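Below, each chain spelled out in residue letters.
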Amino acid sequence: MDKTVFHGVIPALMTPCTADRKPDFDALVQKATQLMAAGMSGVVYCGSMGDWPLLTDAERMEGVARLVEAGIPVIVGTGAVNSRLASEHAAHAARVGAAGLMVIPRVLSRGSSAVAQRHHFKAVLSAAPDLPAVIYNSPYYGYETKADLFFALRAEHPNLIGFKEFGGPRAMTYAAEHITSADDDVILMAGVDTGVYHGYVKCGASGTITGIGNVIPHEILHFVSLAKAAASGDVEARDRARELGEALEVLSSWDEGADLVLYYKYLMVLQGDAEYALHFNPTDALTPSQQVWAKTQFDQFRTWYAAWTARHGMKQTRAA
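Residues numbered from 1 in each chain as written. Predicted model: local features only at pLDDT ≥ 70, side-chain atom pairs only at ≥ 80, totals over all residues. Heavy atoms only, no water.

Participant: How should the layout of surface pockets be read in this particular structure?
Facilitator: If a probe the size of a water molecule is rolled over the atoms, the empty space left behind becomes visible. In this structure, the largest pocket encloses a volume near 630 Å³. If you go around the largest pocket, you meet 32 residues; those closest to its centre are Ser48, Met49, Gly257, Ala258 and Leu260. Breaking the lining of the largest pocket down by element, the ones donating at least two residues are strand 8 (207–210) and helix 11 (260–270). With 3 residues, the top contributor of residues to the lining of the largest pocket is helix 11. The calculated volume of the second largest pocket comes to roughly 190 Å³. Surrounding the second largest pocket, 13 residues form its lining, Thr194, Phe223, Gly245, Glu246 and Glu249 being those nearest its centre. Elements with a minimum of two residues in the lining of the second largest pocket: helix 7 (196–203), helix 9 (235–247) and helix 10 (249–253). Residue contributions to the lining of the second largest pocket peak at 4 residues, all from helix 9. Of the residues that constitute the lining of the second largest pocket, the class distribution is 5 nonpolar, 4 polar and 4 charged. (1 Å grid on protein atoms, 1.4 Å probe; cavity = no way out; pocket = protein on both sides within 12 Å on 5 of 7 lines; lining within 4 Å. Points joined across faces, edges and corners; volume = space filled by probe spheres on them. Helix = DSSP H or I, 4+ residues; strand = E, 2+ residues; numbered from the N terminus. Nonpolar A, V, L, I, M, F, W, Y, C, P; charged D, E, K, R; others polar.)

Participant: Help me understand the sheet that holds strand 4 (residues 100–103), please; the structure alone is not making it clear to me.
Facilitator: Note: strands within a sheet are paired through backbone hydrogen bonds, in either parallel or antiparallel orientation. Judged by pairing direction, the sheet is parallel, and its 8 strands sit side by side in the order 1-8-7-6-5-4-3-2 without closing on themselves. Every other strand in the sheet has two partners, leaving strand 1 (9–11) and strand 2 (43–45) as the edge strands with one partner each. Taken pair by pair, the neighbouring strands of this sheet meet at an average axis angle of 25°, ignoring direction. Along the sheet face, helix 5 (residues 147–156) touches strand 5 (133–137) and strand 6 (160–165) and points at about 155° away from the line of strand 6. (Pairing = 2+ DSSP bridges. Axes fitted to C-alpha atoms, helices over the stretch in contact; angles between N-to-C directions. Contact = heavy atoms within 4.5 Å.)

Participant: It is not clear to me how unusual backbone geometry should be interpreted in this structure. Could you clarify?
Facilitator: What you tend to see is this: most non-glycine residues have negative phi, and most peptide bonds are trans. The omega angle of the peptide bond from tyrosine 45 to cysteine 46 is -10°, so this bond is cis rather than trans. Within the fold, cysteine 46 resides in the loop between strand 2 and helix 2 (57–69). A positive phi angle, near 60°, is found at arginine 21, a position not held by glycine. Here arginine 21 lies in the loop between strand 1 and helix 1 (25–38). Its identity as a non-glycine residue notwithstanding, leucine 108 has a phi of 70°, on the positive side. With respect to the helices, strands and loops of the structure, leucine 108 is situated in the loop between strand 4 and helix 4 (114–127). Leucine 108 sits in the exposed class, given a relative accessible area of 77%. (Buried < 20%, exposed > 50% of the residue type's maximum accessible area, 1.4 Å probe, protein only.)

Participant: Would you take a moment to explain the side chain of asparagine 214 for this structure?
Facilitator: The residue asparagine 214 is located in the loop between strand 8 and helix 8 (217–231) in this model. Judged by its relative accessible area of 3%, asparagine 214 falls in the buried class. A distance of 3.0 Å separates a polar atom in the side chain of asparagine 214 from the backbone oxygen of alanine 12. The residues contacting asparagine 214, other than those within four sequence positions of it, are Pro11, Ala12, Leu13, Met14, Leu35, Met49 and Met268. (Polar contact = N/O pair within 3.5 Å; in protein donor to acceptor, adjacent residues only side chain to side chain.)

Participant: Got a minute to help me understand the pattern of salt bridges in this structure?
Facilitator: Throughout the structure, instances matching the rule amount to 11 salt bridges. Aspartate 239 serves as the salt-bridge partner of arginine 242, at 3.0 Å between the closest nitrogen and oxygen. Pair noted here: arginine 242 and aspartate 239 are both in helix 9, with a separation of 3 residues, about one helical turn. On the basis of relative accessibility, which here comes to 43%, the residue arginine 242 falls in the partly exposed class. Judged by its relative accessible area of 29%, aspartate 239 is partly exposed. Measuring nitrogen to oxygen at the nearest pair gives 2.7 Å for the salt bridge that ties glutamate 243 to arginine 240. Within this pair, glutamate 243 and its partner arginine 240 are both found in helix 9, separated by 3 residues, close to a single helical turn. (Salt bridge = Lys/Arg side-chain N within 4 Å of Asp/Glu carboxyl O.)

Participant: Teacher, can you tell me more about the packing of aromatic side chains here?
Facilitator: Two aromatic rings, taken as a pair, are described by how far apart their centres are and by the angle between their planes. Enumeration over the complete set of coordinates arrives at 12 aromatic pairs. Stacked on the ring of tyrosine 174, the Lys or Arg lysine 146 has its end atom at 4.3 Å from the ring centre. (Phe/Tyr/Trp six-rings, centres within 6.5 Å; stacked < 30°, edge-to-face > 60°. Lys NZ or Arg CZ within 6 Å of the ring centre and 35° of its normal.)

Participant: What am I meant to see in empty space enclosed by the protein here?
Facilitator: Tallied over the full model, the rule gives 1 cavity of 30 Å³ or more. Taken together, Asn137, Glu144, Thr145, Lys146, Phe163, Glu165, Ala171 and Tyr174 make up the lining of the largest cavity. Elements with a minimum of two residues in the lining of the largest cavity: strand 6 and helix 6 (169–180). A breakdown of the residues in the lining of the largest cavity according to their chemical character gives 3 nonpolar, 2 polar and 3 charged.

In structure tokens form, the structure reads like this:
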């Protein structure tokens, strides 16, 4: 079972829209191809960033199939309103040749029930037994997977190979302490942009799923490279990683909030990606104040990054 895709930096793709607010699959594949060329190890589709609740099941499957056909290693999000549909997405991912699964907990119905979640996870993992899968742990889904359930599932489903932690430092620390540290075959992924430094340096993460990396892929790859070096004991890299993490603080924080897609699509438009200007719901839009704040923070970061790399004799990986 090839787990390579999970050991790297993986952008969670957003879904661009056509003028009639339908998925623009050509633009989706184009962006994924650009991100792979920048050095990403694969992509996630459809997680929250991909707007999975706003797409039909057929649209989601078409997006996955188009990415796979283009040679993009795809980790497929299994979020759905019930376990049957989640399992269908997992099975489809396996049929078309996706690289892995990001298994999202049961939502809306009995989400707080450990028994219900166990059966949900089992159904999804069983639907694609040959695809490596990570559980997506997030407080936003109303359920936190703990060590006892994880290892009970892994004992029956060897394709469960890791844990994507979207929670804060305490949740990431719990995962490292109780789930991912004893077995090198179990992967910890930093699942939120604000958790990269803590995940790699303090918790032994070996991969990360990023939102802001859609917008500034080279800078995020640089950040992860520094964090990995810091984890190995490099004092200089530790200092530089903390500096870069602090500079990214506001841009990364949007990955935690309800408006994450709105912010990151807006930044994409600022960089000339006009296909990200629309949202599936016409009323989904940043306020004028949010737009000004986002542009100000984005411009500030790019100016800082150019000066910072020059100051430390680093080769800029991308024009600011």
